[in-house]
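A look at the structure
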Amino acid sequence: MIQRIAVLTSGGDAPGMNGAIRSVVRCAVSKGWTTFGVRNGYQGLIDGLFEPMGTREVGGILQRGGTVLGSARCEEFKTFEGREQAIRSLNRRGVDALVVIGGNGSQAGSFALSEMGFPVVGIASTIDNDLYGSDVTLGVDTALNIALEAIDRLKVTASSHQRAFIVEVMGRNCGYIALMSGLAGGAEAITLPEIDTDIEVLADTLRLAYEHGKSHAIIVAAEGAKYNAAALTEYFKTNRDRHGFSVRSTILGHVQRGGEPTAADRVLGSKFGLGAIEAIDRGEFGVLVGIQNNQITTTPFSEVIGKSKPLDEDLLRLARILD
Ligand code: F6P
């Protein structure tokens, strides 16, 4: 019978993690369970940094970005010895199950831990939206809206100067944020890790836009694309005659991770928290809680880890028609 659980956040923080922590804790309280919050992700698990969390401890955090538990990328946990030490820490506290809120790398850690026999449930949370087993991940809606706000602002100043702006967005090897923010921001071109960009065609698009008297052009570049901001800047520097605009470049970087969670991410985090507690209550471990076709789902880690989520072909087609 479950009596004690622990929750941690791992990897890059994502807006909405606090909503998920709050939900895990309060849903656990509703079952009469005790929850420990683990500080600084897997590192805290190894170091034994546990603290009891009840209803009051998670008050006032729903609207805050980041994670109140702290997060880390932990090399030690990637070793068998590191994970053994983590399991010892969990057993010392009498923890029956662990909830891991994080993205791809973090859930690979969850998988490894559950393969060693510890009961783990993951919550799909990363701004990259690259986790198989969830249509959207916790944090991506906020990150996307931050990117969109930046694009809208850059468009204003671009129009005043008849400039082209390259806007590089995060997402690691996944083009989701770039595709969605490019589409929503009316970008003239989008470069993605998953799709080859014909740089000559992209330059022609800009040239045409310039010749038609457009006052601005926006190129959204995914950080993981071959033509990211640096590569595009380099190309335009050496091929000045290929486009008319004066070009500037902005890398949004971690700005996208720091925002207060949107309503969608607050609700999603809350739903994911409940999904994790219900999975534990059912005795269903070694699974990732996600959302598919608008339903909260669980998918075995074995089906999630190592798979990449394909880009939405319809969105891609639409972006090409509209640019
Ligand atoms: O995985 C989230 C993410 O923000 C990626 O989009 C980005 O490539 C990476 O983390 C940055 O990592 P760090 O925060 O360790 O610099």
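Residues numbered from 1 in each chain as written. Predicted model: local features only at pLDDT ≥ 70, side-chain atom pairs only at ≥ 80, totals over all residues. Heavy atoms only, no water.

1. A few points about the overall build of the protein chain
Check the secondary structure of the protein chain and you find eleven helices and eleven strands. Residues counted as buried form 52% of the 323 residues belonging to the protein chain. Within the structure as shown, the protein chain displays about 13900 Å² of accessible surface, and the carbon and sulfur contribution to it stands at 49%. (Helix = DSSP H or I, 4+ residues; strand = E, 2+ residues; numbered from the N terminus. Buried < 20%, exposed > 50% of the residue type's maximum accessible area, 1.4 Å probe, protein only. Areas by Shrake-Rupley, 256 points an atom, 1.4 Å probe, with all protein chains shown as cover.)

2. Observations regarding the sheet that holds strand S4 (residues 97–102)
Spatial ordering of the open sheet is given by S3-S2-S1-S4-S5-S10-S11, a layout of seven strands whose pairing is mixed. The open sheet terminates on both sides in strands that have one partner only, identified here as strand S3 (50–53) and strand S11 (295–300). Taking the axes of each pair of neighbouring strands and ignoring which way they run, one obtains an average angle of 30 degrees across the sheet. Note that strand S10 (residues 287–292) and S11 share six bridges and pair antiparallel. Bridge pairing in S11 links Val 289 to Thr 298. In this fold helix H4 (residues 104–115) packs onto S4, strand S5 (120–124) and S10, with an angle of close to 160 degrees to the strand it touches most, S4. (Pairing = 2+ DSSP bridges. Axes fitted to C-alpha atoms, helices over the stretch in contact; angles between N-to-C directions. Contact = heavy atoms within 4.5 Å.)

3. Points about the pattern of salt bridges
Under the criterion given, the structure shown has eleven salt bridges. When the shortest N-O distance is used, the salt bridge between Arg 39 and Glu 51 registers 3.2 Å. Remark: Glu 51 occurs in strand S3 and Arg 39 occurs in the loop between strand S2 (34–38) and helix H2 (41–47); sequence separation between them is twelve residues. Across the salt bridge formed by Glu 75 and Lys 78, the nearest N and O atoms sit 3.0 Å from each other. Overall, the relative accessible area of 58% leaves Lys 78 in the exposed class. (Salt bridge = Lys/Arg side-chain N within 4 Å of Asp/Glu carboxyl O.)

4. Quick look at the layout of surface pockets
Roughly 530 Å³ of internal volume is contained in the largest pocket. As for the largest pocket, its lining consists of 30 residues, of which Gly 11, Arg 73, Gly 105, Ser 106 and Arg 172 are closest to the centre. Counting residues per element, the lining of the largest pocket draws most heavily on H4, at six residues. Among the residues making up the lining of the largest pocket, the classes are represented as eight nonpolar, twelve polar and ten charged. (1 Å grid on protein atoms, 1.4 Å probe; cavity = no way out; pocket = protein on both sides within 12 Å on 5 of 7 lines; lining within 4 Å. Points joined across faces, edges and corners; volume = space filled by probe spheres on them. Nonpolar A, V, L, I, M, F, W, Y, C, P; charged D, E, K, R; others polar.)

5. Looking at the domain arrangement of the protein chain
Assigned domains of the protein chain: these are domain 1 (4–139 + 261–304) and domain 2 (141–257). For domain 1 and domain 2, the distance between their C-alpha centres works out to 34 Å. With 14 residues of domain 1 in contact, the opposing surface of domain 2 contributes eleven residues. Applying the counting rule to domain 1 against domain 2 returns two salt bridges. We note a salt bridge from Asp 128 to Arg 172, for which the minimum N-O separation is 3.7 Å. If you look at where domain 1 meets domain 2, you find eight residue pairs in polar contact (both at pLDDT 80 or more). Of the residues belonging to the side of domain 1 that touches domain 2, the class tally is five nonpolar, four polar and five charged. (Domains from an automatic or database assignment. Polar contact = N/O pair within 3.5 Å; in protein donor to acceptor, adjacent residues only side chain to side chain.)

6. Some details on the packing of aromatic side chains
For any pair of aromatic rings, the description rests on two quantities: the centre-to-centre distance and the angle between the ring planes. Using the criterion set out here, one finds five aromatic pairs in the structure. Aromatic pair Phe 36 and Phe 50: ring centres 6.1 Å apart, planes at 80 degrees, arrangement edge-to-face. Here the residue Phe 36 occupies a position in strand S2, and Phe 50 occupies one in strand S3, the gap between them amounting to 14 residues. For Phe 50, a relative accessible area of 8% translates into the label buried. A ring pair is formed by Phe 111 and Phe 301, whose centres lie 6.3 Å apart and whose planes are at 50 degrees; its orientation type is tilted. Here the residue Phe 111 occupies a position in helix H4, and Phe 301 occupies one in helix H10 (residues 301–304), the gap between them amounting to 190 residues. The ring of Phe 36 is capped by Arg 93, whose NZ or CZ atom sits 5.6 Å from the centre of that ring. (Phe/Tyr/Trp six-rings, centres within 6.5 Å; stacked < 30°, edge-to-face > 60°. Lys NZ or Arg CZ within 6 Å of the ring centre and 35° of its normal.)

7. A few points about the packing of helix H5 (residues 140–161) against helix H6 (residues 176–184)
Contact geometry of H5 with H6 gives a least axis separation of 9 Å together with a crossing angle of 45 degrees. Relative to H6, the element H5 is oriented oblique. Our pair here, H5 against H6, has a crossing hand that is right-handed. Taking contact as the criterion, the partners of Val 140, Ala 143, Leu 144, Ala 147, Leu 148 and Ile 151 in H5 are, on H6, Tyr 176, Ile 177, Met 180, Ser 181 and Ala 184. By residue class, the composition of the contact of H5 with H6 is ten nonpolar, one polar and no charged. (Parallel < 35°, antiparallel > 145°, perpendicular 65-115°, else oblique. Left-handed = near helix turned anticlockwise from the far one by under 90°.)

8. Concerning the site of the ligand
With respect to spatial proximity, the complete set of residues near the ligand consists of Arg 73, Ile 127, Asp 128, Met 170, Gly 171, Arg 172, Glu 223, His 254 and Arg 257. Contacts to the ligand include Asp 128, whose side-chain N or O atom sits 2.6 Å from an oxygen atom. Glu 223 places a side-chain nitrogen or oxygen 2.5 Å from an oxygen atom of the ligand. Within the complex, 75% of the 390 Å² of free accessible area of the ligand lies under protein. When the residues that make up the shell around the ligand are grouped by side-chain class, the tally is two nonpolar, two polar and five charged. (Near = heavy atom within 4 Å.)

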